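Topology and contacts: notes
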Amino acid sequence: MESFRQDLTYTLRTLLKRPGFTAAVVATLALGIGANGAMFSVVDTVALKALGYPDENRIVVVYGTDIENRIGVSELEREYYRTQIDAFASVAAFTQGWTNLTGDFQAERVLTGFVNAEIFSVLGVLPANGRAFSAEEDERGRDDVVILSHELWHERFGGDPQIVGSSIMVDGGPLTVIGVMPEDFRLPTDYVGTRSGLFVPLALNATPDPRNIHYLGVVARLVDGISLQNAKAEMDIASQRLKETIGTLPPTFRAAVVPVRDEVLGAVRPTLFVLFGSVALVLVIACVNVANLLLARAESRAHEMAIRLALGGARLRVARQLLTESVVLGLLGGGAGLILAAWMLRIVRVVAPPGIPRIDDIAVDPRAIAFTIAVAGITGLVFGLAPVLHFRKDTAGNVLRADGRGGTAGIGRHRMRRTLVIAEVAVGLMLAVGAGLLAKSYQRLTAVDPGFNGDRVLTARISLPSQTYPTAADARQFYRQVFDEVRGLPGVVEVGGTNQLPLASRPGDWGVRIEGREEERLASGRRPWADWIIVSDGYFETLGVQVLDGRLYDRSDHDESAPVVVINETMAQRYWADGEAMGSRFHLSSTIDTVFRTVIGIVRDVRHNNLRQEPRPQMYLPLGQFPSSSDFVARALTMTIRTANEPTTIIPEMRQVVSALDSDVPLSNVRPMGQVITAATAGGQFNVMLFSGFGLLGLMLVSVGVYGIVSYTVTQRTRELGIRMALGASQAAVLALIVGQSVRVALVGIALGLLGAFTASRLITGMLFEIDARDPVVFATVSLLLIVVTIVASYLPARRATTVDPTSALRDS
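Residues numbered from 1 in each chain as written. Predicted model: local features only at pLDDT ≥ 70, side-chain atom pairs only at ≥ 80, totals over all residues. Heavy atoms only, no water.

1. Description of the overall build of the chain
Note the threshold: The numbering of helices and of strands both runs from the N terminus, where a helix is a DSSP run of H or I of at least 4 residues and a strand a run of E of at least 2. Relative accessibility thresholds used throughout: buried, under 20% of the residue-type maximum; exposed, over 50%; partly exposed, between the two (1.4 Å probe, protein chains only). Residues are treated as being in contact if the distance between any of their heavy atoms lies within 4.5 Å. Only the protein chains shown count as cover for residues, and all accessible areas are computed by the Shrake-Rupley method using a 1.4 Å probe.
Tallying secondary structure elements over the chain gives 23 helices and 22 strands in all. Relative to its full complement of 813 residues, the chain shows a buried share of 53%. For the chain, the proportion of contacts with a sequence separation of at least 24, taken over those separated by at least 6, is 82%. By element, 56% of the accessible surface of the chain is carried by carbon and sulfur atoms, the whole surface being about 34,600 Å².

2. A closer look at helix α14 (residues 472–487)
Note the cut-off: Under the convention used throughout, the expected extent of a helix is 1.5 Å for every residue step, that is, one less than its residue count. Our arc is simply the arc of the directions from the helix axis toward the C-beta atoms.
With 16 residues, α14 should cover 22 Å at 1.5 Å per step; its first-to-last C-alpha distance of 22 Å lies within 8% of that length. Residues of α14 that are buried include every one of Ala472, Ala475, Arg476, Phe478, Tyr479, Val482, Phe483 and Val486, and no others. Buried residues in α14, looked at end-on, bunch into an arc of 165°, giving them a common side. For α14, the secondary structure elements touched by its buried residues are β12 (457–463), β13 (492–498), β21 (636–643) and α17 (651–661).

3. Comments concerning the pairing of strand β18 (residues 585–588)
The side chains of a regular strand alternate, first on one face of the sheet and then on the other. Selection criterion: Strand pairing is assigned whenever DSSP identifies at least 2 bridges connecting the two strands.
Strand direction decides the pairing type here: strand β14 (residues 509–514) and β18, joined by three bridges, are antiparallel. Looking at β18, one finds that Ile514 is bridged to Phe586. Where β18 meets strand β19 (residues 597–603), two bridges bridge the pair, whose relative direction is antiparallel. Considered in β19, the bridge of Arg585 is made with Thr598.

4. Things to note about the layout of surface pockets
Applied cut-off: A 1.4 Å probe that fits into a set of points on a 1 Å grid over the protein atoms alone but cannot get out defines a cavity; an open set with protein on both sides within 12 Å along at least five of seven lines defines a pocket, and lining residues are those with an atom within 4 Å of a point. Grid points are joined across faces, edges and corners, and a volume is the space filled by probe spheres set on the points. Each residue is assigned to one class: nonpolar for Ala, Val, Leu, Ile, Met, Phe, Trp, Tyr, Cys and Pro, charged for Asp, Glu, Lys and Arg, and polar for all the others, Gly among them.
Quantified by volume, the second largest pocket comes out at close to 510 Å³. Lining the second largest pocket are 26 residues; nearest its centre among them are Gly193, Pro353, Pro354, Ile359 and Asp360. Contributions of two or more residues to the lining of the second largest pocket are made by α10 (315–351), α18 (673–680) and α19 (682–716). Residues of the lining of the second largest pocket, tallied by class, amount to 13 nonpolar, five polar and eight charged.

5. What to know about the environment of Gly516
Examined against the element boundaries, Gly516 turns out to sit in the loop between β14 and β15 (529–535). Look at Gly516 and you get exposed, because its relative accessible area is 65%. Residues Gly516 and Arg585 lie 69 residues apart in sequence; the distance between their C-alpha atoms is 8.9 Å.

6. Quick word on a nonpolar patch on the surface
For clarity, the cut-off: Residues enter patches when they are more than 30% accessible in relative terms and free of salt bridges; like-charged ones are connected within 9 Å and nonpolar ones (Val, Leu, Ile, Met, Phe, Trp, Tyr) within 5 Å. What counts as a salt bridge is simple: a side-chain nitrogen of Lys or Arg found within 4 Å of a carboxyl oxygen of Asp or Glu.
A cluster of nonpolar residues, Leu331, Ile369 and Ile373, forms a patch on the protein surface that exposes about 240 Å² of accessible area. Residue position: Ile369 is located in helix α11 (residues 366–392). Classification of Ile369 as partly exposed rests on a relative accessible area of 33%.

7. Brief notes about helix α3 (residues 75–84)
Spacing of three or four residues puts side chains on the same side of an α-helix, whose turn is 3.6 residues. Among all positions in α3, only Glu75, Glu77, Arg78, Tyr80 and Tyr81 are buried. Residues of α3 that are buried in the fold lie against β1 (59–65), β3 (88–102), β10 (217–222), α6 (228–246) and β11 (254–259).

8. Examining the packing of aromatic side chains
To be explicit about the condition: Any two rings among Phe, Tyr and Trp, with Trp reduced to its six-membered ring, count as a pair given centres within 6.5 Å; such a pair is stacked if its planes are under 30 degrees apart, edge-to-face if over 60, and tilted if neither. Counting as a charge over the ring demands two things of the Lys NZ or Arg CZ atom: a distance within 6 Å of the ring centre and an angle within 35 degrees of the ring normal.
Considering all chains together, one arrives at 20 aromatic pairs under this definition. An angle of 65° between the planes, with centres 5.3 Å apart, marks the rings of Tyr469 and Phe478 as edge-to-face. Residue class for Tyr469 comes out buried when judged on its relative accessible area of 10%. A relative accessible area of 2% places Phe478 in the buried class. Seen in terms of ring centroids, Tyr539 and Phe540 are 5.4 Å apart; in terms of plane orientation they differ by 70°. Their pairing is edge-to-face. One aromatic cluster in this structure is built from Phe120, Phe133, Phe185 and Phe199. In this structure, Arg70 is placed above the aromatic ring of Tyr63, and the distance from its NZ or CZ to the ring centre is 3.6 Å. The ring of Phe758 carries Arg774 above its face, with NZ or CZ at 4.0 Å from the centroid.

9. Remarks on the pairing of β21
The element β21 is largely enclosed, with a buried count of seven among its eight residues. Bridge analysis of β12 against β21 gives seven bridges, and the strand direction is antiparallel. Paired with Leu458 across the two strands is Ile641, which belongs to β21. Of the strand pairs in this sheet, β13 and β21 are connected by six bridges, and their pairing is antiparallel. Note on β21: the bridge partner recorded for Gly496 is Thr640.

10. Digging into the side chain of Ser668
Our working definition: Here a polar contact means two N or O atoms within 3.5 Å. Within protein one must be a hydrogen donor candidate and the other an acceptor candidate, and residues neighboring in sequence count only if both atoms are side-chain atoms.
Along the chain, the position of Ser668 falls in strand β22 (residues 667–672). Among the residues examined, Ser668 registers a relative accessible area of 12% and is labelled buried. Polar side-chain contacts of Ser668 include one of 2.7 Å to the side chain of Arg109. Residues contacting Ser668, with those up to four places away along its chain left out, are Arg109, Ala460 and Arg461.

11. Here's the deal with the nonpolar core
As a reminder of what qualifies: Nonpolar cores were defined as sets of buried Ala, Val, Leu, Ile, Met, Phe, Trp, Tyr and Cys residues, with membership established by side-chain atoms within 4.5 Å.
Counting 103 residues, the largest nonpolar core has Tyr53, Ile119, Phe120, Phe133, Phe185 and Phe199 as the members making the most contacts within it. Beyond its immediate sequence surroundings of up to four residues, Tyr53 is in contact with Ile59, Leu123, Val125, Phe185, Arg186, Leu187, Pro188, Tyr191 and Val260. Judged by nonpolar contacts, the second largest core, of 73 residues, contains Ala472, Tyr539, Ile567 and Val603.

12. Digging into unusual backbone geometry
Most peptide bonds take the trans configuration, and most residues that are not glycine carry a negative phi. Even without being glycine, Asp55 reaches a positive phi, approximately 55°. For Asp55, the position within the fold is in the loop between α2 (19–48) and β1. In the Ramachandran plot, Arg358 falls in the positive-phi region, its phi being about 55° despite a non-glycine side chain. By secondary structure assignment, the location of Arg358 is in the loop between α10 and α11.

13. A closer look at the pattern of salt bridges
Under the defined criterion, the tally for this structure stands at 28 salt bridges. For Asp484, the salt bridge is made with Arg487, and the minimal N-O distance between the two is 3.2 Å. With Asp484 and Arg487 both in helix α14 and three residues apart, this pair spans about one turn of that helix. By relative accessible area, which is 24% here, Arg487 ends up partly exposed. The closest approach of N and O atoms between Arg607 and Glu614, which form a salt bridge, is 3.8 Å. Each of Asp484, Arg487, Glu494 and Arg555 takes part in salt bridges that share partners, so that together they form one network.

14. Regarding the packing of α14 against α17
Selection rule: The convention used is that axes are lines fitted to C-alpha atoms, helices contributing only their stretch in contact, and that angles between N-to-C directions extend from 0 to 180 degrees. Each helix crossing is assigned a hand: it is left-handed if the near helix lies turned anticlockwise from the far helix by less than a right angle, otherwise right-handed if that turn is clockwise.
The N-to-C vectors of α14 and α17 enclose an angle of 145°; their axes lie 10 Å apart at closest approach. Two packed elements cross with a definite hand, and for α14 against α17 that hand is right-handed. Residues Phe478, Gln481, Val482, Glu485 and Val486 of α14 lie in contact with α17, whose contacting residues are Met654, Val657, Val658 and Leu661. When its residues are assigned to classes, the contact of α14 with α17 shows seven nonpolar, one polar and one charged.

15. What about the environment of Phe273?
Looking at the element boundaries, Phe273 is found in helix α8 (residues 269–300). The sequence separation of Phe273 and Ala47 amounts to 226 residues, and the corresponding C-alpha distance is 9.1 Å. In this view, Phe273 contacts Val43, Ala47 and Leu48; residues no more than four positions away in its chain are not counted.

16. Section: the packing of α3 against α6
Note the threshold: Angle categories: roughly parallel below 35 degrees, roughly antiparallel above 145, roughly perpendicular from 65 to 115, and oblique for all the rest.
Interhelical geometry of α3 versus α6 gives an angle of 135° and a closest axis separation of 11 Å. On the basis of their axis angle, the class for α3 and α6 is oblique. As for the relative orientation of α3 and α6, their crossing is right-handed in sense. Contacts between α3 and α6 involve Leu76, Glu77, Tyr80, Tyr81 and Gln84 from the first element and Glu234, Met235, Ala238, Arg241, Leu242 and Ile246 from the second. Tallied by class, residues from the contact of α3 with α6 come to seven nonpolar, one polar and three charged.

Function-wise, these values are silent; they only describe arrangement.
Below is the structure:
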């Protein structure tokens, strides 16, 4: 301990004497360690921490699939899973929708979980205050109860401890609060995007077609002792039985079961780990740079170390002193890195796209601090090994004899530094290639035509309470009044509405039966199908969707006129030969809407789900006519308003219009269509920003490293360069010599980096759009960029070397 205290005291005194060197090392490490600490916090919070469900490895999510789609669960399928699957100890269903919370305050639209009474026991979480739903309350007519989320309880009701037992107004009717959930509770679907604020009983009332309407989410808890593989095997048998029982499921239908963690994190986890790997490469470059700095400093102290050894100092003690210095520097860099990590996380939370679970929860918590300290300590040991290993090769006698002869560092003494430069160039190229591929991919993605014109278009969501608007006619009448009033506002050009806004929702698909071909099936065995979207007249005009044939909806298309439908070009091309779609008739494969509808128009394809996905068959059903059955009511619509000027200027007037018609109906998600389009590309933008940041940071560290090694080398070769110029070498020749040697070293690193990037680029294939992971243009451009960086970084010290007076250099050496 006494020896350690002496080493630590000497280290601190030495570092304080060289503040410039110390600051350079600490700043370099802070960049690498801070970036790693920030990314660890993201990965840890999003992908590593438990979801908050006790014994979550026993909880699974159940859904259906076919060749083209993932589909929800129908009521009949849910009942089958509940009663016939032995692997499941309990099964619960849920869905989500928006309700209006009203009362003695401004009406608020709240995401609501409609859940079975069993949901809380399946997930293993009970209310923190009050109680859960009973089986009796999960029935129509007895479902007048509600449970609050912890967040809504605090924000809307001030955390009132007496809230349990009181009544609140939801969708125009009173519900009794029976419980408040714990702070961290979420439904599996709540981990992405908006969290449910209310939970009400699902109270299933059989839909008009309980076989084919797949709208439920299902979670189940496995029986103790039953593995996931056992459950999957049983579900494979269930798939065949369901197809035989229901009769309308496609031949390719399969009942799937996945762990709840995979369901929540499946889409984002690979991307996060790739990003974490990339930021680890930044740390590698930082370590290489610091190792080079320490090597240079060790050589400058070679005479001191040689004298200590010559006077009897132990080689192990000298090595321990060097390692102590490096570890102290690592810990100082780690401390600065923690501050930098906290700052980086603030940026990440701001720029993170929707779809990343728990992104708002990320912070530099104790786990992140422990990780950063561990990385700092290990990093200190790793980069400290370079000067220790180097010093072992230099005996005290060799150093003193070289000093006596006035010698300079030879080729052998530069080998390790060149190796380190090669390594950081290789790693820097790998980072830059990843950033280049993602940047090119993002450029391709943003260039995709969505099929509509979002300029000067405002969108706003309206959800009507079922108590006040029980029938389709009631809802239609309200929307007609709103559209007419808004259309009369100054600057408004056109108004429409839809239940599925492009790039902000994912419409479900529905089977169709074409007149004269009712029994037709596709090659997959499935009936013809299309995504279904409800739209009002004026919708296509508002978004500027091009009409390819026929006409669009107008006010003459109401519930007493002939049933009509507009389809997109993909649907027309897939199910009819050229020109045969117009005038054709079909009806939906459901009892909800059995009338034959005539195709009156074909519109251009709209990229609805996202910009990456090719357009799917789509049918636009008229708000004034859908459905033919009154059991379905389209109460939630998004208004689309085209204006002559800046669309946000009409927001106050819009709110007044809606409030004047019904003060209990709030406007929500009020935003320009441009923001919707931006949000659709936010994931790619997030990846590009992080990768580009890491790539630029890597290039900066590479340039600093090359500059540092060339500067040091030039200083060590002062006598040699003086001799060359004394013998007639021109300044241009010396400049070319130094820069050329740097470029040759960089070329070796570039070659190794290209090999590494060629191998590793496949890891980001899933993050790319319309670009090959081994795009030659990106690889060539990045290689050229590294050469330019090397030339620029080595030019300045090389240029300084050419200004040295040969006579002075020879005299000083």
